[in-house]
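# Architecture and fold: a report
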Amino acid sequence: MDHDGPDHDDTGVRDPSVRNPSPAAVPDTALPIETMWEVFGRRRINDALEHVGQIHAGDRDTALLLARETHFRHEEAVDYAVVRSDQLHRLEDPSLLERRVDIDYRLQRGYSGFRDKRARAREAAARRGADDLQTRPAPGRDVASEAS
Amino acid sequence: MAGLIPSRDQLDARTAEFVDHIHAGGKVEATDWMPETYRRLNLKFIEMHANSEIMGALPEREWISRAPSLRRKRSLAAKVQDEVGHGQLIYRVAESLGKPRSQMYADLVAGRGRFHNVFHYPTHSWGDVACIGFLVDGAAIVTQRALTDTSYAPYLRVMRRVVAEESLHYRHGEDILLALASGTDEQFAMLQEAVNRWWTPILHFFGTDTAREDDPSIFWGIKPRTNEESRQEWMTTYIPKLWDVGISLPDPTLDWDPETKVWNYAEPDWQELADLVKGDPSEATATRLAWKQRLARDNDWIREVVLGEPAPVLAA
């Protein structure tokens, strides 16, 4: 499909690979934005809603029906929702998400070298003569790596 | 508490069906029908959790300006921001059970809101920051990870995200703790002294050893594990890590039994916990609440500016 041309094929289904077309790029033959709906599904009950695609429908009930028939025929979801596309507001300047300063302290990789750090703390304990402390090897676990 | 755990023949058909659903691992959405007891207990539990995130940020916030390096300062500020964010996420969940967020916040600021015992204590030194970051957050990770299987689905989804962020806080805390443990004698003494003070509050944090069948939170599917199960898991994970670097714990009877795989420990004074969370606010809490009251008063105009006039909702 030609991405520079109309972003609808003859089935009326919008090509999801076309991102954020400007209204001027949508030809007269396109269905109006007011009838386009964004579809969100939840694969399992524990999951957050995730965007799965779009459909065209004139009203809410039809949108819910068509979303089910278009996107959820094969047990892809246990729950879903639709939102009218003109109610969705995108970030206009993606560069706002780029890193401008070092933010490693907000990321797992900002905290590293624990094996060495722990070894140094053990050596310090030995220097303090802490060998009389209980050092029973009870089962320990690495919580951080489990949680992430 | 007995009234909160009804016997089978006390239940009407609809409630019995609901109880069977959650006991079979079923989940509940905000829009589903739910028994009043379920709604009320969940709201109380989740509101207290949200309050704890907010009040838990305050003891650490006190140390942002006193952190020993720029890196620690940024790391601590980022963590405090995360915790306040958790509070907001969890208030949203509590709100879905019928109490407006503004009311919960007003209750908290006025001193009527309940929150976890560990956030009623003062912080005396950088060693406290290590203890909060590693041991208290560790206790929170244990209980919150159990909540990723709670029956109230909106809470469960938020907990998944919260637990992922908490694992970063765990690293932040471990980093501070190991730095102090490898430092000078004074630094180690500061850490050991803080660990001694935090030991009892952390044992308290998990609550009394209540049998599974006597715990309304378990009956109503709010938390899947008993207080003692969570406390034992925390001990199994954290005590060896402390002993490993020469930190001792202020309980000479503390011992792990390899036969039963159970930690034996001296029972803390539970009256102390009851007095702390139900009595007059501690000095630290009174100070922090006074600070929150001032912030709420001074910053109200920001809320008005940011929220502005509500945008018109277009009919679908």
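So, here's what we can say about the structure. (Residues numbered from 1 in each chain as written. Chains lettered and ligands numbered in written order. Predicted model: local features only at pLDDT ≥ 70, side-chain atom pairs only at ≥ 80, totals over all residues. Heavy atoms only, no water.)

## Focus: the nonpolar core
To keep things clear, this is the line we draw: Side-chain atoms within 4.5 Å link the members of a nonpolar core, which is a set of buried Ala, Val, Leu, Ile, Met, Phe, Trp, Tyr and Cys residues. Relative accessibility decides the category of a residue: with a 1.4 Å probe and only protein chains considered, values under 20% of the type maximum give buried, values over 50% give exposed, and everything between is partly exposed.
Formed by 87 residues in total, the largest nonpolar core has its most connected members in Leu135(B), Tyr152(B), Trp198(B), Trp220(B), Trp234(B), Met235(B) and Leu254(B). Trp37(A), Ala63(A), Phe72(A) and Val82(A) belong to the second-largest nonpolar core, a separate cluster that totals eight residues.

## Details of the environment of Thr285(B)
Quick note on the threshold: Strands are runs of DSSP state E lasting at least two residues, helices are runs of H or I lasting at least four, and both sets are numbered from the N terminus onward. Here a polar contact means two N or O atoms within 3.5 Å. Within protein one must be a hydrogen donor candidate and the other an acceptor candidate, and residues neighboring in sequence count only if both atoms are side-chain atoms.
Here Thr285(B) lies in helix H11 (residues 283-298). Within the structure, Thr285(B) has its side chain in polar contact with the side chain of His120(B) (distance 2.8 Å).

## A look at empty space enclosed by the protein
Condition: Here a cavity denotes a set of grid points, spaced 1 Å apart and computed over the protein atoms alone, in which a 1.4 Å probe fits but from which it cannot get out, and a pocket denotes an open set meeting protein on both sides within 12 Å along at least five of seven lines; residues with an atom within 4 Å of a point are reported as lining. Grid points are joined across faces, edges and corners, and a volume is the space filled by probe spheres set on the points. Amino acids are sorted into nonpolar (Ala, Val, Leu, Ile, Met, Phe, Trp, Tyr, Cys and Pro), charged (Asp, Glu, Lys and Arg) and polar (every other residue, Gly among them).
This structure, assessed with the given rule, holds one cavity of 30 Å³ or more. What lines the largest cavity is simply Tyr105(A), Arg106(A), Tyr111(A), Ser75(B), Ala78(B), Lys79(B), Asp82(B), Leu168(B), His169(B) and His172(B). Looking at the lining of the largest cavity, the elements with two or more residues in it are helix H3 (70-95) and helix H6 (153-181) of chain B. Ranked by residue count, the leading element in the lining of the largest cavity is H3(B), at four residues. When the residues that make up the lining of the largest cavity are grouped by side-chain class, the tally is four nonpolar, three polar and three charged.

## Quick look at the interface of chain A and chain B
The criterion, for reference: The criterion used for residue contact is that any of the two residues' heavy atoms lie within 4.5 Å. Once two parts are brought into contact, the accessible area they lose, counted with a 1.4 Å probe and summed over both, makes up the buried area. Any carboxyl oxygen of Asp or Glu within 4 Å of a side-chain nitrogen of Lys or Arg constitutes a salt bridge here.
Of the residues lining the interface, 40 residues belong to chain A; the matching set on chain B comes to 46 residues. Interface area, chain A with chain B, both sides summed: about 4200 Å², of which 53% is carbon and sulfur. For the pair chain A and chain B, the interface holds six salt bridges. Of the charged contacts, one joins Arg118(A) and Glu174(B) as a salt bridge, the two residues approaching to 3.1 Å between their closest N and O atoms. At the junction of chain A and chain B, the tally comes to 15 residue pairs in polar contact (both at pLDDT 80 or more). Residue assignment for the side of chain A that touches chain B shows that the elements contributing at least two residues are strand S1 (36-42), helix H2 (114-127) and helix H3 (143-147) of chain A. No other element matches H2(A), which puts eight residues into the side of chain A that touches chain B. Its residues placed into classes, the side of chain A that touches chain B shows 17 nonpolar, eight polar and 15 charged.

## Let's talk about the sheet that holds strand S3 (residues 79-84) of chain A
All names here are of chain A. Test applied: Only when DSSP finds a minimum of two bridges between them are two strands counted as paired. Axes here refer to lines fitted to C-alpha atoms; in helices the fit is confined to the stretch in contact. Angles between the N-to-C directions go from 0 to 180 degrees.
Taken in spatial order, the three strands line up as S2-S1-S3 in an open sheet, and their pairing is antiparallel. Of all strands in the sheet, those with a lone pairing partner are strand S2 (50-56) and S3, marking the two edges. Direction aside, neighbouring strands of the sheet carry axes that sit 30 degrees apart on average. Pairing analysis gives six bridges linking S1 to S2, with the strands arranged antiparallel. Residue pairing for S2: Phe40 is matched across the bridge by His51. The strands that helix H1 (residues 60-71) touches are S1, S2 and S3; relative to S2, the one it contacts most, it runs at about 115 degrees.

## Observations concerning unusual backbone geometry
A positive phi is found at Glu75(A), a non-glycine position, where the angle reads about 60 degrees. Within the secondary structure, Glu75(A) is located in the loop between H1 and S3. Not every positive phi belongs to a glycine, and Lys261(B) is a case in point at roughly 55 degrees. Tracing the backbone through its elements, the reader meets Lys261(B) in the loop between strand S1 (255-257) and strand S2 (262-264).

## Topic: a nonpolar patch on the surface
Going by this rule: Patch membership is restricted to residues that have no salt bridge and whose relative accessible area is over 30%. Joining uses 9 Å for like charges and 5 Å for the nonpolar side chains Val, Leu, Ile, Met, Phe, Trp and Tyr. Per-residue accessibility takes into account occlusion by the displayed protein chains alone, with areas from the Shrake-Rupley method and a 1.4 Å probe.
Taken together, the side chains of Trp301(B), Ile302(B), Val305(B), Val306(B) and Leu307(B) make up a nonpolar region of the molecular surface, amounting to roughly 560 Å² of accessible area. With relative accessibility at 37%, the residue Ile302(B) sits in the partly exposed group.

## Notes on the layout of surface pockets
Residues and elements named next belong to chain B. When its volume is computed, the second largest pocket comes out at roughly 780 Å³. The wall of the second largest pocket is formed by 21 residues, among which Val84, Gln88, Tyr105, Lys292 and Arg303 lie closest to the centre. Put simply, the parts of the chain that give the lining of the second largest pocket at least two residues each are helix H2 (36-61), H3, helix H4 (101-109), H11 and helix H12 (300-307). At five residues, the largest contribution of residues to the lining of the second largest pocket is made by H12. Taken together, the residues that form the lining of the second largest pocket break down as 13 nonpolar, three polar and five charged.

## Things to note about the packing of aromatic side chains
All names here are of chain B. Rules: Centre distance within 6.5 Å is the pairing criterion for rings of Phe, Tyr and Trp, where only the six-membered ring of Trp is used; planes under 30 degrees apart are then read as stacked, over 60 as edge-to-face, and the remainder as tilted.
Going through the model one piece at a time under the given rule, you end up with 16 aromatic pairs over all chains. When the centroid spacing of 4.9 Å and the interplanar angle of 75 degrees are considered together, the rings of Phe18 and Tyr38 count as edge-to-face. You can see Phe18 sitting in helix H1 (residues 13-23) and its partner Tyr38 sitting in helix H2, a full 20 residues away along the chain. Note on Phe18: relative accessible area 8%, which makes it buried. For Tyr38, a relative accessible area of 0% translates into the label buried. An aromatic cluster is built from Phe134, Tyr170, Trp199, Phe205, Phe206, Trp234 and Tyr238, whose rings are joined through pairwise contacts.

## Re the side chain of Arg288(B)
All names here are of chain B. Mapped onto the fold, Arg288 is located in helix H11. Its relative accessible area of 4% is what places Arg288 among the buried residues. Within the structure, the side chain of Arg288 is placed 2.8 Å from the side chain of Glu62, a separation counted as a polar contact.

## Observations concerning the packing of H2(B) against H6(B)
All names here are of chain B. Heads up, the condition is: Orientation is classified from the angle alone, with under 35 degrees giving roughly parallel, over 145 giving roughly antiparallel, 65 to 115 giving roughly perpendicular, and any other angle giving oblique. For a crossing to be left-handed, the near helix must be turned anticlockwise from the far one by less than a right angle; the clockwise case is right-handed.
In the contact formed by H2 and H6, the axes pass within 13 Å of each other and the chain directions differ by 25 degrees. The orientation of H2 relative to H6 falls into the category roughly parallel. You can see that H2 and H6 cross each other, and the crossing is left-handed. Across the interface between the two elements, Phe45, Ile46, His49 and Glu53 of H2 pack against Tyr155, Met159, Val162 and Glu166 of H6. Each residue belonging to the contact of H2 with H6 can be placed in one class, and the counts come to five nonpolar, one polar and two charged.

## Considering the environment of Gly173(B)
Residues and elements named next belong to chain B. Here Gly173 shows up in helix H6. For Gly173, a relative accessible area of 0% translates into the label buried. Spatially, the C-alpha atoms of Gly173 and Leu76 are 9.5 Å apart, while their sequence positions differ by 97 residues. Among residues more than four places away in sequence, those in contact with Gly173 are Ala130, Gly133 and Phe134.

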